[in-house]
Every structure is written in C-alpha cells, then in structure tokens.
Amino acid sequence: MSLVDSYRRRSRRPKPFPVTPPRTVAVGEADGDVTTYTYGRDLYDDMLEAIAGARRQILFETYIWKGDEVGEEFKQALTDAAARGVEVHCIYDSFANVVVSPRFKRFPSSMKVLPYPTYNAGWRFLDLRRYGRDHRKILVVDDAVGFVGGYNIGTAYATEWRDTHVRITGPAVWDLKRAFADFWNLNRRRLLGQSERPLLLETAAAWEPRVRVHRNVPRLWMFPIRGMYLEAINRASRNVWLTQAYFLPDQDFVDALVAAAGRGVDVRLLVPLKSNHVVADWISRGYYDQLLRGGVRILRFQGAMVHAKTATVDGSWSTVGTANIDRLSLQGNYEINLEVIDQGLAGRLEEIFETDQSNCLELTLSEWSARDLHRRFTEMVLNPLRPLL
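Residues numbered from 1 in each chain as written. Predicted model: local features only at pLDDT ≥ 70, side-chain atom pairs only at ≥ 80, totals over all residues. Heavy atoms only, no water.

1. A few points about the side chain of Arg348
Along the chain, Arg348 falls in helix α11 (residues 343-357). In this structure Arg348 comes out as buried when scored by relative accessible area, which is 5%. A polar atom in the side chain of Arg348 sits 2.3 Å from the backbone oxygen of Pro21. (Helix = DSSP H or I, 4+ residues; strand = E, 2+ residues; numbered from the N terminus. Buried < 20%, exposed > 50% of the residue type's maximum accessible area, 1.4 Å probe, protein only. Polar contact = N/O pair within 3.5 Å; in protein donor to acceptor, adjacent residues only side chain to side chain.)

Listed below in structure tokens is the structure:
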C-alpha cells in the first residue's frame, strides 16, 4: 500500500484549485476574533509575522515539519526569536518526521525542543494509552494570538494542498496555551531530563463562552472530540456540512449522519477524490453505500489533496481542528479542535464549503451501484481493517 501511495504521489501534478482569501470575523463579547485560512502561503506569512513580532514567548507544535524551504523558514524565524530573548518551546512528532534529515533536527540550545518519540510505551507494551501520535498543530505567541488547524509545515502544503486553519485572539488563546503546556509538562521530564522545569501559565482573566477548545489526550483516556461531533449532528435541524481528509467513521457516526438526513437535514460530506493514502480511500468507500442510500450527499474534491477537518451545523455551530473522523484521531491520537457557536464564523465556513464544492464531483447512488467488480472486491478485502483505522 505504501508503494502505491508513493507511485500516486510521483505521477500526480499539482493543479490550481479555488481558494477563499483570509477573512476575520468577530466572535463573542470579549474582543476576540477568528481569521480563516484556506491557502497555505497566506497562513504561513501570518504565522511567520507573528513569530517575528514575538516579545516574550512562542509555543509551537506540529505533526509534520519538513526540512524543506518552508520548514527552514520556520526554523530560522524561531531561532531568531530565541536569539533576541524570546522563550521558544517547540514540539514535533518524531514518527511523522522520520524521513526528515537529522541535520534539520539540530536546534540551538536557546530553543527548548521536545521531539515526541516514535515509540513511547517503554516496557509497558500493553498500555494503549502510550501509543497515540502527536497530531496537533498549534502556534501561540505572547498570549495575544493563536493558530490551530490542519496545516502541517512544508513547501508542498503552502500551495498544493487545500486545508483549513484559523487564527484566534481573545480569551480562547489561553485554552491553546493550556493545551500546549499540559502536553509539554506530561512529557518533559522523561524526554528532556529531570531538571527540566514545568511550563507554568497564569490564569486567564476572562472566559469566552462561545469558543471551546477540545483536546483528545490518550494518556489520560480523554476523547471529547467524537462526542462533540455527535452531539452537534444529533441536534441539527437544517444542515450538516463536513469536510474531511480521511473519512473512516464508526457505525455510530454513520448512523447519526443518516438519521439527520432522514429527518430532512441537508447532509453533505466533502472528501478528496484521491487522497495521499490509498488505503484510507479504499476503506472509506466501504461506508458510501449506507450514506448514499440514507440521503447523504458525497462530494469529491478534484485536482488537489483536501486535508481540512471542518464542519458547520445549522449556520451557528462550527469546528476547525486537527482531528480526522477516523479511529486514529477520535480514539487514538493527541488532537485538538476548536468548537465555536457563532453565526458569523459558521457563515464564513459555509462560504468556504461552497467554494470547495465548486471544485467537486458529486457521487450519485446510481454511479456508486454501477462500480466495477474490482472495487467491490477491494472493499470486501479491506473491510476487516476498518476498526484499526
């Protein structure tokens, strides 16, 4: 399967796709706002600007950090910040970056860098809480601004992938800080040494009731993101629009979507026509029959990899984050999603969805029912892998 993925990437040429420019909407009553990004270069420019303007502290966490041109841009910006006296903490996932040059992973001593290990269970082989990957993407600068979403760090993501990220200000930034600090403190002594001090945070002075940050923490057996999704879908009365890079749900999730469509809700699922993982594509198709027969519309994004993890419900509720709708994200990895109850942001994400939909091919039930024997056989063979992915 890995060889097939490699061949598909080699033969694929990036194609332009429609994007929506960054736009900021006010959220809540505490002078907070949310800016949406759908094009990597726009996002990276603003992240680098925030890093360049940092005066006190930078918290940076990513799943993939490529050692290419964009990766070097971020490394240099963080190095420069540390050199001028900014407290810089970085976390990256070692497994996701196993092919990145060891030279790139050498950082100056002025930066505090925590590589989350490829194998984290030690002698506790059967402790499933210690096998989750760090799939989060967070940047927080000076208590003032935070970034979270699906974008990893790399040159290809800057122009070739369609993803979604947000920039937030206001009290919710503190929730991102706490998420970073909790992960750092959970792992600092074992990975960085007994002398490493905890990352201490002050308490935020205000709460923002319209914005919540949900964290999956496998070490503590906490997985609230799945429940967040199911609650929103079960309450839907008008529409549920989902954009997912890898859609491998459990049966409860499928049942919730079909039940929503059955009560007249406009349920749409936007996924890649061809993702960067052929196994995920083939396994996800095993759910299409139930979804299409249940009235769910399936839209397949063409020409580029759509990697976003977003949803809107009823023009009021929305989420943007790092968690895919699959077992690895919802019941295995460290993930983080922003949940926002605000008509302005939901409307903005609906506009983005409609722009993406203009670049999609819709899959119909008749087309799906007429698929060839080879596809049916592949789905049957891979069916036992569903609970694992």
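2. Considerations on the pattern of salt bridges
Counting across every chain of the model gives 22 salt bridges. Between Asp143 and Lys177 there is a salt bridge, and its shortest N-O distance comes to 2.3 Å. Of this pair, Asp143 sits in the loop between β6 (138-141) and β7 (145-149) while Lys177 sits in helix α5 (residues 172-192); the two residues are 34 residues apart in sequence, bridging distant segments of the chain. In this structure Lys177 comes out as buried when scored by relative accessible area, which is 2%. A salt bridge links Arg226 to Asp250; the shortest N-O distance between them is 2.8 Å. (Salt bridge = Lys/Arg side-chain N within 4 Å of Asp/Glu carboxyl O.)

3. Quick word on the sheet that holds strand β3 (residues 57-62)
Read across the open sheet, the eight strands follow the order β1-β2-β9-β7-β6-β3-β4-β5; overall the sheet is mixed. The strands lining the two open edges of the sheet, one partner per strand, are β1 (23-27) and β5 (112-116). Across the sheet, the axes of successive neighbouring strands diverge by a mean angle of 15°, strand direction being ignored. Relative to β7, β6 is paired through four bridges, and the arrangement is antiparallel. Pairing of Ile138 across the sheet is with Val148, part of β7. (Pairing = 2+ DSSP bridges. Axes fitted to C-alpha atoms, helices over the stretch in contact; angles between N-to-C directions.)

4. Some points on the side chain of Thr322
Take Thr322: it is sitting in the loop between β16 (317-321) and α10 (327-331). Its relative accessible area of 0% is what places Thr322 among the buried residues.

5. Description of unusual backbone geometry
At Asp143, a position not held by glycine, the phi torsion is positive, near 60°. A positive phi is found at Asp314, a non-glycine position, where the angle reads about 55°.

6. Quick word on the packing of helix α2 (residues 40-52) against helix α3 (residues 69-83)
Relative to each other, α2 and α3 sit at 15°, their axes nearing to 9 Å. The angle between α2 and α3 falls in the class roughly parallel. For the crossing formed where α2 meets α3, the hand is left-handed. Touching Arg41, Tyr44, Met47, Leu48 and Ile51 of α2 are Val70, Glu73, Phe74, Ala77, Leu78 and Ala81, all from α3. (Parallel < 35°, antiparallel > 145°, perpendicular 65-115°, else oblique. Left-handed = near helix turned anticlockwise from the far one by under 90°. Contact = heavy atoms within 4.5 Å.)

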